[in-house]
Amino acid sequence: MHALEGAFWSRLKANRLAYSVTIAATLAVGILIGTIVSASVKGKENAKSGDATPLTIPAPQQLSNAFSQISKQLEPTVVNINTESTVKNPHRNLRRAPGNDDNTNPDGSPFDDFFDRFFGGQGGQGGADPGPIRQRSLGSGVVVDSKGYILTNRHVVAKADRVRVHLMDDPAGVQHDAKVIGLDQETDLAVIKIDLDHALPVAKLGNSDSVQVGDWVLAIGSPFGLSETVTAGIISAKGRNIVPGRQFQNFIQTDAAINPGNSGGPLVNMNGEIIGINTAIYTETSSYAGVGFAMPSNTIAQVYNQLIGPEHKVTRGSIGVQFSAQPSQAVSRVYGEGVAISDVVAGSPAEQAGLKVGDTITAVDGKKVSNGDELVAEIASRKPGSKTKLGYMRNGKGSDTTVTIADRSKLFAARLGDDDDNNEDAQAKESKLGVTVKSVTPELAERMDVPAGKGVIVQEVKPGSFAEDVSVNRGDIILEVNKQPVNSEDDFHRLEASLKSGQDVVFLVKPRGRGSSTVLLGNTLP
């Protein structure tokens, strides 16, 4: 038998064609048998899993189509804003803090010149002072009224000599001169207007309180001058307080790409509604790093409605109390639920109403307040001169008092010594350095953490002056001039009078709102 099989395979090998056909047929038969056996096994397995639900693939989501529809709807309402301004000294913003060997801001904060030149501005690059230059900046805005009213950021248009707007349908090179209607420093918002002979397409405002973390959003603007740019992302967080001391800046955080030039453009939801104005990004490189911030639409509406009013400014109420922005649970347990007062401004409505340090404000006109943000929102929305009933706790006992709301800006200015009773002689003096100063009050010395009787506070800085060029700001405290202590107005004026053109002048300054570090600011006096 074996001999016959061997002879058979020997003949097949001799005939190569027949050999190949036989091998292929053998493989085919083997595969067929394997398939039958496999099917039999699978059938048995399925018999054992009769309760399993088959997997199904859902219909494809048309999210990309939704993005394109919203883009087509919103793009005609988003404008490119071009500004021109004269910069006396392009390097004056490069403050250096002690120990810093780079040109980051003195806070060490990654918010690169947040309210100064973050979007679109061109920073100094070192080298010799080229003298005054014309600076051009780019930003974005969104039309909210068909008559030509446009929302944008204050830092996009503030201090600009000329503001021009380019619409989506305008031919290349066509721009419309815009007028600044109003600015609000507290929220970094602005309203500008262009006059045309036809109505403009308008973006619809949404309710920012309804947005949730994880919602899809689109950012539209002109990053790096690239107009009609659309980026997508989600709401990353709500209620972000990113600038110390800014009580009216609770931002929406998003990971939609925002870059220089996007500032002032809209952040929109999937209904094509504006739920924020893109304002800033968190970065260490001045470019997108995945964390952007937009001012919520509910805040925008309040500010816009006041800026388009007869006075073109935002007025906010205040009662003159201070409190911890993030009180601990221990404070709540000791002082009770509400807003524990840590300081009462002398002469303020709160003091006149009998409120004291240690009292805990629990309600405003019967509405419960549980934290400082709620208290500020309630008080700021009330008109100066109006009366408000406050509920508060003192030593475990509840009580009520009525306060007369003050104008927050005036109350704040009074704390800086910038009231209507300023020293007229000091105002009238011609200043070589371009500043008006006043002695530091004991209250201000304590708040600014400077020794009592030391330094003078800057009330005004003359545009284009030496002080402005070296970046002295209103509210800063000057402690020394050329190593000489300055403890009064007379000290300052005496030292100022001794200065001559061509002389180096260096200030030792305690910047307002910049922590405990002092900075040296100086240049050669023209």
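All figures in this text were calculated on a predicted structure; none of them were measured in a lab.

## Some thoughts on the environment of leucine 521
Among the structural elements, leucine 521 can be located in strand S28 (residues 519-524). As for leucine 521 and valine 505, which are separated by 16 residues in sequence, their C-alpha atoms are 8.4 Å apart.

## Here's the deal with the packing of aromatic side chains
Taken as a whole and judged by the stated rule, the model has 3 aromatic pairs. Plain terms: the ring middles of phenylalanine 67 and tryptophan 216 are 5.5 Å apart, the flat faces sit at 65° to each other, and that makes the pair edge-to-face. Taken as a pair, phenylalanine 67 in helix H3 (residues 63-74) and tryptophan 216 in strand S9 (residues 216-221) lie far apart in primary sequence, 149 residues in all. Assessed through its relative accessible area of 18%, phenylalanine 67 is described here as buried. Ring centres of phenylalanine 251 and phenylalanine 293 lie 6.2 Å apart, and the angle between their planes is 65°; this geometry places the pair in the edge-to-face category. Residue phenylalanine 251 is located in strand S11 (residues 250-254), and its partner phenylalanine 293 is located in strand S14 (residues 292-296); the two are separated by 42 residues in the primary sequence. A single burial state applies to phenylalanine 251 and to phenylalanine 293, both of which are buried. One cation-aromatic arrangement involves lysine 193 over tyrosine 149; the distance from NZ or CZ to the ring centre is 5.3 Å.

## Overview of the pairing of strand S24 (residues 456-461)
For S24, the buried fraction is high: 5 of the 6 residues fall into the buried class. With 5 bridges joining them, strand S23 (residues 435-439) and S24 adopt antiparallel strand pairing. When the bridges of S24 are listed, serine 439 appears paired with valine 456. Taken together, the 2 bridges between S24 and strand S25 (residues 477-481) define a ladder with antiparallel strand orientation. Pairing of isoleucine 457 across the sheet is with isoleucine 477, part of S25.

## Describing the confidence of the model for the protein chain
Interpretation of this model should avoid reading the predicted coordinates in detail wherever pLDDT is low. Confidence in the prediction for the protein chain averages 78 pLDDT; 74% of positions are at 70 or higher. A low-confidence stretch, residues 90-129 (pLDDT under 50), is modelled with 96 contacts involving residues beyond four sequence positions or located in other chains. Scored below 50 in pLDDT, residues 414-429 shows 27 contacts in the model against residues more than four places distant or in partner chains.

## What about the pairing of strand S7 (residues 189-193)?
Of all 5 residues in S7, 5 are buried, a share of seventy percent or more. Here strand S6 (residues 179-184) folds back onto S7, and the loop between the two strands holds 4 residues, one of which, aspartate 188, carries a positive phi near 60°.

## Digging into unusual backbone geometry
The phi dihedral of glutamate 228 is positive, around 55°, even though this residue is not glycine. Relative to the helices and strands, glutamate 228 resides in the loop between S9 and strand S10 (229-241). Of note, lysine 483 is a non-glycine position whose phi angle comes to about 70°, a positive value. Among the secondary structure elements, lysine 483 is positioned in the loop between S25 and strand S26 (484-485). Given the relative accessible area of 74%, lysine 483 is considered exposed.

## Considering the pattern of salt bridges
In this structure the tally under the stated criterion is 12 salt bridges. The shortest N-O distance in the salt bridge between aspartate 365 and arginine 382 comes to 3.0 Å. Of the two residues, aspartate 365 is situated in the loop between strand S18 (360-364) and strand S19 (367-368) and arginine 382 in the loop between helix H8 (372-380) and strand S20 (387-394); the sequence distance between them amounts to 17 residues. Note on aspartate 365: relative accessible area 42%, which makes it partly exposed.

Parameters and conventions
- Residues numbered from 1 in each chain as written.
- Predicted model: local features only at pLDDT ≥ 70, side-chain atom pairs only at ≥ 80, totals over all residues.
- Heavy atoms only, no water.
- Helix = DSSP H or I, 4+ residues; strand = E, 2+ residues; numbered from the N terminus.
- Phe/Tyr/Trp six-rings, centres within 6.5 Å; stacked < 30°, edge-to-face > 60°.
- Buried < 20%, exposed > 50% of the residue type's maximum accessible area, 1.4 Å probe, protein only.
- Lys NZ or Arg CZ within 6 Å of the ring centre and 35° of its normal.
- Pairing = 2+ DSSP bridges.
- pLDDT = per-residue confidence, 0-100.
- Contact = heavy atoms within 4.5 Å.
- Salt bridge = Lys/Arg side-chain N within 4 Å of Asp/Glu carboxyl O.

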